Amino acid sequence: MKTKIYIAKKIPSHVEEYIGKYCDYEKYEGEDAAGYEELLSKLHDKEGVMLSGTKVDKNLLECAPLLKVVSNISVGYNNFDIGAMKEKGVMGTNTPGVLNDTVADLIFALILSAARKIVEMDSYVREGKWISTDAEKMFGKDVHHSTLGIIGMGRIGQDVAKRARFGFDMDVLYYNRKRKAEVEEKLGVKYADLNTLLRQSDFVLVMTSLTDETYHMIDEEQFNLMKRDAIFINVSRGATVNEKALIKALEEKKISGAGLDVYEKEPIDMDNPLIKMPNVVLTPHIGSATKKTRNDMAMLAAQNLVKALCGEIPPNIVPELKA
Ligand code: DGY
């Protein structure tokens, strides 16, 4: 008899076919992804689950007595309660690598859009406000030859640095838990402590994973250190930044703009002040959202799941859950 699993998110049919060779699967039939309550009702007889971002906590694990593996279709895994998973002996995997270039492209789209006011100017054209091109409010900020500060020099951070250094002649500072000499040499980036990075960067990018240590690591004190014309970019997780402090910094013109793909509450509330700010570019957590990359992520997540259930060691067990 094949192992029973649940697929909590819509995935491409070829990935379903691959899973079907090894497992009996039940899948979420809606358009997007099963919510937490739906998951609770599905996992009592399942040994594996493929999901993206849904909280995997003690309560959920208690409703899933047979569960052996949770395969996240994302690189971030802040939805995992690592302690509870360890206690229950449940394996957790993610999808690193296949999304790096796609997320790095989105980061550059946000940098360029915020710096050159692309969204605001698009609405100027559409609303018939294009009278001259000399109005100072149309002037943006140069990206080329400026300084980019990257907080979190992982794989995606390095792909952003590559674009910045070799595509836009930028100086790149980075702050990371561990200094990376080989990356410094290869990409010509410089290590800086966090405060120096914040003081010297024209663009500040947060690309670190969300952990207890990085929760609200960018707060009022950090915004106060930034240049008044700095543009702040977050494509990590919303809660690495205190969103209230970000809103205050924008309202008080402590920084000049922002480009955001992630928020403390997703989807964002329509009364969030960020919505009304023309100097802020907002995207709905689409860092990895191209057809090819999402297909690749689904296939990698499926392979992780199948390997784990066939008794092999999947390549992408999250570090905290490695034996
Ligand atoms: C991830 O995979 O963690 C990204 O946030 C998806 O865009």
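Each remark here, short or long, concerns the structure printed above.
Draft legend 1. The arrangement of the overall build of the protein chain in detail. Of the regular secondary structure elements, the protein chain holds 12 helices and 12 strands. Relative to its length of 323 residues, the protein chain is compact, with a C-alpha radius of gyration of 21 Å against a globular reference of 20 Å. Counting only C-alpha atoms, the protein chain reaches 70 × 50 × 30 Å along its principal axes. Per-residue burial over the protein chain gives 50% buried out of 323 residues. The long-range fraction of contacts in the protein chain, counting pairs at least 24 apart against all pairs at least 6 apart in sequence, stands at 60%. As displayed, the protein chain has an accessible area near 16,300 Å², and 50% of this comes from carbon and sulfur atoms.

Draft legend 2. Quick look at the environment of Ser-123. Within the secondary structure layout, Ser-123 lies in helix H6 (residues 118-126). Of the residues examined, Ser-123 reaches a relative accessible area of 24% and is grouped as partly exposed. Separated by 160 residues in sequence, Ser-123 and Thr-283 place their C-alpha atoms 16 Å apart.

Draft legend 3. Region of the structure containing unusual backbone geometry. Going from Glu-266 to Pro-267, the amide bond is cis rather than trans, its omega being -10°. By secondary structure assignment, the location of Pro-267 is in the loop between strand S11 (257-260) and strand S12 (280-282). The residue Asp-169 is not glycine, and still its phi comes out positive at about 50°. Asp-169 gets classed as partly exposed once you look at its relative accessible area, which sits at 46%.

Draft legend 4. A look at the pairing of strand S9 (residues 203-206). The side-chain alternation of S9 yields two buried faces, one formed by Phe-203 and Leu-205 and the other by Val-204 and Val-206. Sheet analysis places S9 next to strand S10 (residues 231-234), joined by 4 bridges and oriented parallel. Bridging across to S10, Phe-203 finds its partner in Ile-231. Considered for its hand, the β-α-β crossover made up of S9, helix H10 (residues 220-225) and S10 is right-handed.

Draft legend 5. The pattern of salt bridges, seen in detail. All told, the structure shown has 21 salt bridges when counted by the stated rule. A salt bridge links Asp-296 to Lys-292; the nearest nitrogen and oxygen atoms lie 2.5 Å apart. Placement of the pair is Asp-296 and Lys-292 together in helix H12 (residues 291-309), with a separation of 4 residues, close to one helical turn. A residue is classified by how much of its surface remains accessible, and Asp-296, at 26% relative accessible area, is partly exposed. The class for Lys-292 is exposed, based on a relative accessible area of 58%. It is possible to trace a salt-bridge network through shared partners that takes in Lys-4, Glu-26, Lys-42, Asp-45 and Lys-46.

Draft legend 6. Highlighting the site of the ligand. Taken together, the residues surrounding the ligand are Ser-74, Val-75, Gly-76, Leu-99, Arg-237, His-285, Gly-287, Ser-288 and Met-297. Take Arg-237: an N or O atom from its side chain is 2.7 Å from an oxygen atom of the ligand. Here an oxygen atom of the ligand sits 2.7 Å away from a polar atom, N or O, in the side chain of His-285. Starting from 240 Å² of accessible surface for the ligand in isolation, the protein chains cover 90%. Looking at the shell around the ligand residue by residue, the class counts come to 3 nonpolar, 5 polar and 1 charged.

Draft legend 7. Geometry of the sheet that holds strand S7 (residues 171-175). The strand order across the open sheet formed by 7 strands is S8-S7-S6-S9-S10-S11-S12, and the pairing between neighbours is parallel. The open sheet has two edge strands with one neighbour each: strand S8 (190-191) and S12. The pairing of S11 with S12 spans 3 bridges and is classified as parallel. By the bridge assignment, Gly-259 is partnered in S12 with Val-281. Packing against the sheet, helix H5 (residues 100-115) makes contact with strand S6 (147-151), S9, S10, S11 and S12, and its axis sits at approximately 155° to S10.

Draft legend 8. Molecular detail of helix H11 (residues 243-251). Every buried residue of H11 is listed here: Glu-243, Ala-245, Leu-246, Ile-247, Ala-249 and Leu-250. Turning to H11, the residues buried within the fold contact H10, S10, S11 and S12. Its side-chain oxygen placed 3.1 Å from the backbone nitrogen of Lys-244, Asn-242 serves as the N-cap of H11. Among the residues trailing H11, Lys-253 stands out with phi positive, at a value near 55°.

Draft legend 9. Representation of the packing of aromatic side chains within the structure. Here the structure, examined in full by the defined rule, presents 6 aromatic pairs. Here the aromatic rings of Tyr-77 and Phe-80 are separated by 6.1 Å at their centres, their planes lie at 40°, and the arrangement is tilted. Phe-80 shares its class with Tyr-77; the two are buried. Summarising the aromatic geometry, the rings of Tyr-175 and Tyr-191 are spaced 6.3 Å apart at their centres and angled 35° between planes, so their arrangement reads as tilted. Of this pair, Tyr-175 sits in strand S7 while Tyr-191 sits in strand S8, and the two are 16 residues apart along the sequence. Members of the aromatic cluster, connected to one another through ring pairs, are Tyr-174, Tyr-175 and Tyr-191.

What counts, and at which threshold
Residues numbered from 1 in each chain as written. Predicted model: local features only at pLDDT ≥ 70, side-chain atom pairs only at ≥ 80, totals over all residues. Heavy atoms only, no water. Helix = DSSP H or I, 4+ residues; strand = E, 2+ residues; numbered from the N terminus. Rg over C-alpha atoms; globule rule 2.2 N^0.38 Å. Buried < 20%, exposed > 50% of the residue type's maximum accessible area, 1.4 Å probe, protein only. Contact = heavy atoms within 4.5 Å. Areas by Shrake-Rupley, 256 points an atom, 1.4 Å probe, with all protein chains shown as cover. Pairing = 2+ DSSP bridges. Right-handed = clockwise from strand over helix to strand, strands pointing away. Salt bridge = Lys/Arg side-chain N within 4 Å of Asp/Glu carboxyl O. Near = heavy atom within 4 Å. Polar contact = N/O pair within 3.5 Å; in protein donor to acceptor, adjacent residues only side chain to side chain. Nonpolar A, V, L, I, M, F, W, Y, C, P; charged D, E, K, R; others polar. Axes fitted to C-alpha atoms, helices over the stretch in contact; angles between N-to-C directions. Phe/Tyr/Trp six-rings, centres within 6.5 Å; stacked < 30°, edge-to-face > 60°.

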